[in-house]
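Chain residues, written in single-letter form:
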Amino acid sequence: MDRTSFRFLFLLAALACCTSAGAQDYPNKPVRVVVPYAAGGLPDTMTRIVGQRLVDDLKQPFIVDNRPGAGGIGACELVAKSNPDGYTLLIVDVAQTAINPALYAKLPYDSLRDFAAVSLMGTSAQFLVAHASVPANTLTELIALAKAKPGQLRYGSGGTGSVHHLSMEALKTPLGLDIVHVPYKGTGQAVPALIGGEVSLLFSALPSIAAHIKGGRLKLLAVNTTRRSAQAPDVPTIAEVTGIKDYDYPPAIGVLAPAKTPKAVVSRISAAVARAVNHPDTVNRYTALGIDPVGNTPEQYAAQIRIDIVKYAKAVKASGVKVD
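Scoring rules and cut-offs
- Per-chain numbering applies: the sequence of each chain, read as written, is numbered from 1 onward.
- It should be noted that, the model being predicted, local features are given only for residues of pLDDT at least 70 and side-chain atom pairs only at 80 or more, the latter also being counted only at that level, while totals for whole chains, interfaces and linings use all residues.
- To get the side-chain values, all heavy atoms of the structure are used, and hydrogens and water are removed first.
- Known as pLDDT, the predictor's confidence for each residue is given on a scale from 0 to 100.
- Every residue pair with non-hydrogen atoms within 4.5 Å of one another is taken to be in contact.
- Convention adopted: a line fitted to C-alpha atoms gives each axis, helices being fitted over their contacting stretch, and angles between N-to-C directions are expressed from 0 to 180 degrees.
- Note on conventions: DSSP H or I runs of at least 4 residues are helices, E runs of at least 2 residues are strands, and numbering of each starts at the N terminus.
- Orientation categories follow fixed angle ranges, with anything under 35 degrees roughly parallel, anything over 145 roughly antiparallel, 65 to 115 roughly perpendicular, and all other angles oblique.
- Rotating anticlockwise by less than a right angle from the far helix to the near helix defines a left-handed crossing, while the corresponding clockwise rotation defines a right-handed one.
- Under the convention adopted here, Pro, Cys and the residues Ala, Val, Leu, Ile, Met, Phe, Trp and Tyr are nonpolar, Asp, Glu, Lys and Arg are charged, and Gly plus all remaining residues are polar.
- Buried means the residue's accessible area, taken with a 1.4 Å probe over protein chains only, is under 20% of the maximum for its type, while exposed means over 50%, and partly exposed covers the values in between.
- When two rings of Phe, Tyr or Trp (its six-membered ring) have centres within 6.5 Å they constitute a pair, described as stacked for plane angles under 30 degrees, edge-to-face for angles over 60, and tilted for the intermediate range.
- A positively charged side chain is recorded as over a ring if its NZ (Lys) or CZ (Arg) lies within 6 Å of the ring centre. The angle to the ring normal must also be within 35 degrees.
- Think of it this way: DSSP has to see at least two bridges between two strands before they count as a pair.
- In this description, one arc is meant: the one made by directions from the helix axis to the C-beta atoms.
- What makes a nonpolar core is a set of buried Ala, Val, Leu, Ile, Met, Phe, Trp, Tyr and Cys residues whose side-chain atoms join them at distances within 4.5 Å.

Draft legend 1. Seen up close, the confidence of the model for the chain. Taken residue by residue, the chain gives an average pLDDT of 92. The fraction at 70 or more is 93%. pLDDT under 50 marks residues 8-21. Its contacts with residues more than four places away, or in other chains, come to two contacts.

This is how it looks when you write it as structure tokens:
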């Protein structure tokens, strides 16, 4: 072996050693966690629950930095341009990773190019729920009703381009249904609108509507995930009733890091998040919020983001919504 080759191999070995040592030493200072939602919202609450476990596990503060507004675009741009050292992380929903790229012609970030997937924290099954006055007790009956009375049913959502909106569009389009969309400023307005009879239908997490289901004011028709939810196992999925292939539209909240963050550091964070998500206390608290804990690998989460980008692009196209 010549001297040049020996030096090259020595440098590779030294770099590998330093990378490993850096990962083992991580974190050695507080970690900033940017949340593109207001304090008290579901992603924020999920993050703070997991953050408590991360502090216990990794022995450093995980400081939540709420940056709400503009669909999370500013928060994403901020983290995308941050130092890729593992000390700035981003909490995202499918709104940031998949819906925004389909809605906006230009974005200051790319979901795949500018970030390293860390781990999916959890998903939230959304139930299709009807007001008690709707003369349909099953999804099959609702579909028949919508076909018999085109344009007469109204559904609410948390806003144009929201998961709730696109879930319905992905149901309506392949079945040729005419159900009118009524957007509200968040589910905090949409749920009361449904209870009051302003709209007939809504996709909602179960905890927000459970008391009204029990009281007979609302009724569950289906769930928008590929599998039935443990929260209401008797409620069928939309796919099993309609045959719509790969119908799966739950909010999915995960962790990203800036692109080029060392893989060893990403792996260390991912493993810690998985442990935190699957801690019994976290599982109990997530379940109360209607969240199904996940905690997967960077590779698995990256693959899911790619699937979501394609899936939501189709849903946005079906809805006809576009933001310049």
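Draft legend 2. The arrangement of the packing of helix α4 (residues 94-103) against helix α12 (residues 298-319) in detail. With their axes 8 Å apart at the nearest point, α4 and α12 run at an angle of 45° to one another. Classified by the interaxial angle, the pair formed by α4 and α12 is oblique. The two elements α4 and α12 meet at a crossing, and its hand is right-handed. Residues Val94, Thr97, Ala98, Ile99, Ala102 and Leu103 of α4 touch α12, and the partners they reach there are Ile305, Asp308, Ile309, Tyr312, Ala313 and Val316. Residue composition of the contact of α4 with α12, by class: 10 nonpolar, one polar and one charged.

Draft legend 3. Seen up close, unusual backbone geometry. That bond from Tyr26 to Pro27 is cis: its omega, -10°, falls within 30 degrees of zero. The topology assignment puts Pro27 in the loop between α1 (3-25) and β1 (31-35). Despite not being glycine, Ala70 shows a phi value in the positive range, around 55°. Residue placement: Ala70 occurs in the loop between β2 (62-66) and α3 (73-80). In this structure, Lys260 is a non-glycine residue whose phi angle is positive, near 75°. Inspection of the secondary structure assignment puts Lys260 in the loop between β10 (252-258) and α10 (263-277).

Draft legend 4. The side chain of Ser119, seen in detail. Checked against the element boundaries, Ser119 lands in strand β4 (residues 115-123). Residue Ser119 is classed as buried on the basis of its relative accessible area, which comes to 0%. With residues up to four places along the chain from it excluded, the contact list for Ser119 reads Gly254, Val255, Ser270, Val273, Gly295, Asn296 and Tyr301.

Draft legend 5. Representation of the packing of aromatic side chains in the model. Summed over the entire model, instances satisfying the criterion amount to four aromatic pairs. When the ring of Tyr249 is compared with that of Tyr312, the centres are 5.3 Å apart and the planes differ by 90°; the resulting orientation is edge-to-face. Highlighted residues: Tyr249 in the loop between α9 (238-242) and β10 and Tyr312 in helix α12, separated in sequence by 63 residues. Across the pair, Tyr312 and Tyr249 agree in class, each one buried. Cluster of aromatic residues (ring-pair linked, three or more members): Tyr247, Tyr249 and Tyr312. Of note, Lys29 hangs over the ring of Tyr87, and the distance from its end group to the ring centre comes to 4.7 Å. Between Lys311 and the ring centre of Tyr249, over which it is positioned, the NZ or CZ distance is 5.2 Å.

Draft legend 6. Spatial organisation of the sheet that holds strand β6 (residues 154-157). With mixed pairing, five strands are arranged side by side in an open sheet as β7-β6-β8-β5-β9. Because the sheet does not close on itself, it has two edges, and the strands there are β7 (180-183) and β9 (218-223). Neighbour-to-neighbour, the strand axes of the sheet open up by a mean angle of 30°, direction not taken into account. Along the sheet face, helix α6 (residues 163-175) touches β5 (127-131), β6, β7 and β8 (201-204) and points at about 145° away from the line of β6. Seen against the sheet, helix α8 (residues 206-214) touches β5, β8 and β9 and runs at an angle of roughly 140° to β9.

Draft legend 7. Molecular detail of helix α7 (residues 187-195). Those residues of α7 lying buried are Ala190, Val191, Ala193 and Leu194. End-on view of α7: buried residues confined to an arc of 160°, all on one side of the axis. Its buried side turned inward, α7 meets β5, β6, β8, α8 and β9. Taken from the residues just after α7, Gly197 is the one with a positive phi, measuring 85°.

Draft legend 8. Just the nonpolar core, in detail. Leu90, Leu128, Leu142, Leu201 and Tyr247 are the most contacted members of the largest nonpolar core, which has 51 residues in total. Dropping the residues within four chain positions of it, Tyr247 is found in contact with Ser167, Met168, Ala170, Leu171, Phe203, Asn224, Thr225, Thr226, Ile238 and Ala239. Membership of the second largest hydrophobic core comes to 29 residues, among which are Phe62, Ala116, Ile253 and Ala276.

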